[in-house]
Amino acid sequence: MGGQRLHGSVRVTGAKNSVLKLMAAALLAQGTTTLTEVPDILDVEIMAELLRRLGCEVEHDSAGRLVRITVPEVLAHRADYDLVRRMRASICVLGPLLARCGAADVALPGGDNIGSRGLDMHIAGLRKLGAEVTNEHGYLIATSDQRLTGGSIWLDFPSVGATETLVMAAVTANGVTVIDNVAREPEIVDICQMLIDMGALIDGVGTSTLTIEGVSHLEPVVHRTVSDRIVAGTWAVAAAMTLGDITVLNSNPEHLQVALDKLLSAGAQISAVEDGFRVVMAGRPLAVDVVTLPYPGFPTDLQPQFIALNSIASGAALVTENLFESRFRFVQELVRLGADVRTDGHHALVRGRLQLSGAPVEATDIRAGAGLALAGLVATGCTTIYGVSHIDRGYAEFIPVLNELGAQVERIEAESLFT
Ligand code: EPU
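Bear in mind that the values here come from a model prediction, so they are computed numbers and not experimental data.

> Can you walk me through the overall build of the protein chain in this structure?
In terms of regular secondary structure, the protein chain is built from 14 helices and 22 strands. Over its C-alpha atoms the protein chain spans a radius of gyration of 22 Å, differing by no more than 12% from the 22 Å that the globule rule assigns to 419 residues. Across its three principal directions, the C-alpha atoms of the protein chain cover 65 × 45 × 40 Å. Split into buried and exposed, the 419 residues of the protein chain put 54% on the buried side. Put simply, 73% of the contacts in the protein chain that link residues at least 6 apart link residues at least 24 apart. In the structure as shown, the protein chain presents an accessible area of about 16700 Å², 48% of it carried by carbon and sulfur atoms. Distance from the positive charge centre (32 side chains) to the negative charge centre (48 side chains) of the protein chain: 5 Å.

The structure is reproduced here in structure tokens:
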């Protein structure tokens, strides 16, 4: 039910887009690695199952926000399609399996609802490290008769996934690897820090060039997952849209600089508090243009939430999506709530409306689901979001947190919608 002003505080846990890779990185060291601040989301369960099938013991204590992964000396090296199709991020076992086993068979994830999502940079980079990579029967088969060898790699684009695959492959390669034009997201810094604690030698963390001197083996560690900046940003937009007052805790506002700056331009008041930040909104937001770019640019994972904000703002905004070609698909759903949005290629023109009106809509991916939920919070009457399992993949306790902040949201099983 729309129309409530959200207020209160919310504590964010570790980032989905970091923890899945940290779980994969654990494969690089025999023994027990413990990750803390693990979010209680579906994707962590899928990754745990994948690691178990590779031979690991995985204990997930959701109440304690812990995952303990015990990695055996000998690992299986095949990631099956039934898991990879459920979670594209499964591809992140490719680098560590190749490094540990000299072989990795990982099902090709294919495209998904946000775009085609290539793997060419992962493959070209692994070849530079001496691996043979082929595509057979729907699987990417990577092999290396001997230890991988250091090499020079230039990425065409600062891809998050390719950077992670190549760093994980290079940390135990023979010799020095230099990777240029790497991604610089806080999640990349997080995995590099964990690998360094495990014994890896990585220079240039947080810059566009990583220099990695291979070591013979790594040790298991205890590592705290970096906080989820996208979840934090979603709550910040919720405050701005509902004329609310939300304090986001366990969050580093420096990781959200561009997005928070946009909220300031939209009229929000933002202040730093101990361990987080507070967003207060007094009046109708002003429309803000957004251009998605690799970090430190504006994150694509907050683009749908900002389209939702612009849909009720005063004025018009141009939103440009540079990362995923199909991320505007959700706009059709937003239009069902009365939003005035026109898309043309990778641009969306959003003309703010005074009021949206509740309607049934379908979430097609995690962030689309978040954007639609934010729109539902300010629409008149009732909005029903189908496909809410997409939201479960990235937001822990989404509905209870919304209700604690004063929203009126209920989760309904699909069958009972028709009784
Ligand atoms: N790309 C290629 N070739 C490659 C690799 C990437 O063409 O070899 C293209 C992709 O098709 C895409 C662009 O490069 O158009 C960016 O891809 P990138 O590799 O940077 O993204 P990713 O690793 O597939 C991660 C997050 C995404 C997030 C992006 C960008 C995970 C599991 N996923 O994806 O998160 O949007 O980085 O920041 O970490 C989400 O959480 O909702 C989500 C989609």
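> Looking at this model, I keep getting lost on the packing of aromatic side chains. Mind explaining?
Working definition: an aromatic ring pair is given by the centre-to-centre distance plus the angle between the planes. Using the criterion set out here, one finds three aromatic pairs in the structure. Measuring from centroid to centroid gives 4.9 Å for Phe298 and Phe306, while their planes differ by 90°, and the two rings are edge-to-face. Looking at Phe298, the relative accessible area reads 2%, which means it is buried. By relative accessible area, Phe306 is classed as buried at 1%. The rings of Trp235, Tyr395 and Phe398 are connected pair by pair, giving a single aromatic cluster. Looking at Arg78, its charged tip hangs above the ring of Tyr139, at a distance of 4.0 Å from the centre.

> Is there a simple way to explain the environment of His137 in this structure?
Here His137 shows up in the loop between β7 (132-136) and β8 (139-143). For the pair formed by His137 and Ala107, sequence separation is 30 residues and the distance between their alpha carbons is 8.8 Å.

> Looking at this structure, I do not really get the sheet that holds strand β4 (residues 66-71). What am I missing?
Sheets are built from strands that pair by backbone hydrogen bonding, the pairs being arranged parallel or antiparallel. With mixed pairing, four strands are arranged side by side in an open sheet as β3-β4-β2-β13. Pairing within the sheet leaves two strands with one partner each, and these edge strands are β3 (57-61) and β13 (222-224). When the angles between neighbouring strand axes are averaged without regard to direction, this sheet yields 15°. In terms of strand pairing, β3 meets β4 through five bridges, oriented antiparallel.

> Even after reading the chapter, I still don't get the side chain of Thr13, so can you show me in this structure?
Within the element layout of this structure, Thr13 appears in the loop between β1 (7-11) and α1 (16-25). Not counting the four nearest positions on each side in its chain, Thr13 is found in contact with Glu37, Pro39, Arg65, Ser227, Asp228 and Asn250.

> Teacher, can you tell me more about the site of the ligand here?
Neighbouring residues of the ligand: 21 residues in total, closest Lys21, Asp120, Ser159, Asp301 and Leu323. A distance of 2.7 Å separates an oxygen atom of the ligand from a polar side-chain atom of Lys21. Here an oxygen atom of the ligand and a side-chain polar atom of Ser159 are 2.6 Å apart. Relative to its unbound accessible area of 840 Å², the ligand is 87% covered by the protein chains. Taken together, the elements giving at least two residues each to the shell around the ligand come down to α1, α5 (120-128) and α6 (160-170). A breakdown of the residues in the shell around the ligand according to their chemical character gives eight nonpolar, six polar and seven charged. If you count residues domain by domain, the shell around the ligand takes at least three from each of domain 1 (7-13 + 227-418) and domain 2 (16-211).

> For this particular structure, what's the right way to read the state of the cysteines?
Two cysteines, two sulfur atoms, one covalent bond between them: this is a disulfide. Applying the stated rule across the entire model yields zero disulfides. Free cysteine Cys101: the closest other cysteine sulfur is in Cys56, separated by 9.7 Å.

> Just checking my understanding: could you explain the environment of Met168 for this structure?
Following the sequence through the fold, Met168 ends up in helix α6. Along the chain, Met168 and Pro400 lie 232 residues apart, while their C-alpha atoms are 36 Å from each other. For Met168, the residues in contact, after removing those within four places along its chain, are Lys21, Ala24, Ala25, Leu28, Cys92, Gly95, Pro96, Ala99, Ile191 and Leu195.

> Help me understand unusual backbone geometry in this model?
Apart from glycine, the bulk of residues carry a negative phi angle, and the bulk of peptide bonds sit in the trans form. The omega torsion of the bond from Tyr295 to Pro296 falls at 10°, within 30 degrees of zero and hence cis. Locating Pro296 in the fold gives a position in the loop between β17 (290-291) and α10 (303-311). With a phi close to 50°, His137 is a non-glycine residue in the positive phi region. The class for His137 is exposed, based on a relative accessible area of 81%. One non-glycine residue, Asp275, adopts positive backbone phi at about 70°. Along the chain, Asp275 turns up in the loop between β15 (269-273) and β16 (276-280). The class of Asp275 is partly exposed, set by a relative accessible area of 47%.

> Sorry if this is basic, but what is going on with the nonpolar core here?
Generally speaking, a soluble globular protein has its nonpolar side chains buried in company with each other. Judged by nonpolar contacts, the single largest core of 78 residues is most densely connected at Leu51, Ile69, Val93 and Leu195. With sequence-adjacent residues up to four places away left out, Ile69 is seen in contact with Met23, Ala26, Gly31, Thr32, Thr33, Leu35, Leu51, Cys56, Glu57 and Val58. In terms of nonpolar packing, the next biggest core, distinct from the first, is built from 64 residues, Ala308, Phe328, Ala359 and Ile391 among them.

> Can you help me understand the pattern of salt bridges in this one?
Oppositely charged side chains can pair when the atoms bearing their charge come close. This model, assessed by the stated rule, comprises 15 salt bridges. One salt bridge connects Arg327 with Asp301, and the closest N-O pair in it is separated by 2.7 Å. Here Arg327 is found in the loop between β18 (316-320) and α11 (331-336), whereas its partner Asp301 is found in the loop between β17 and α10, with 26 residues between them in sequence.

> When you look at the sheet that holds β8 in this model, what are you seeing that I'm missing?
Strand order in the open sheet formed by four strands is β5-β6-β8-β7, and the pairing between neighbours is mixed. Because the sheet does not close on itself, it has two edges, and the strands there are β5 (78-79) and β7.

Rules used throughout
Residues numbered from 1 in each chain as written. Predicted model: local features only at pLDDT ≥ 70, side-chain atom pairs only at ≥ 80, totals over all residues. Heavy atoms only, no water. Helix = DSSP H or I, 4+ residues; strand = E, 2+ residues; numbered from the N terminus. Rg over C-alpha atoms; globule rule 2.2 N^0.38 Å. Buried < 20%, exposed > 50% of the residue type's maximum accessible area, 1.4 Å probe, protein only. Contact = heavy atoms within 4.5 Å. Areas by Shrake-Rupley, 256 points an atom, 1.4 Å probe, with all protein chains shown as cover. Lys, Arg positive; Asp, Glu negative; His and termini not counted. Charge placed at Lys NZ, Arg CZ, Asp CG, Glu CD. Phe/Tyr/Trp six-rings, centres within 6.5 Å; stacked < 30°, edge-to-face > 60°. Lys NZ or Arg CZ within 6 Å of the ring centre and 35° of its normal. Pairing = 2+ DSSP bridges. Axes fitted to C-alpha atoms, helices over the stretch in contact; angles between N-to-C directions. Near = heavy atom within 4 Å. Polar contact = N/O pair within 3.5 Å; in protein donor to acceptor, adjacent residues only side chain to side chain. Nonpolar A, V, L, I, M, F, W, Y, C, P; charged D, E, K, R; others polar. Domains from an automatic or database assignment. Disulfide = S-S within 2.5 Å. Core = buried A, V, L, I, M, F, W, Y, C linked by side-chain atoms within 4.5 Å. Salt bridge = Lys/Arg side-chain N within 4 Å of Asp/Glu carboxyl O.

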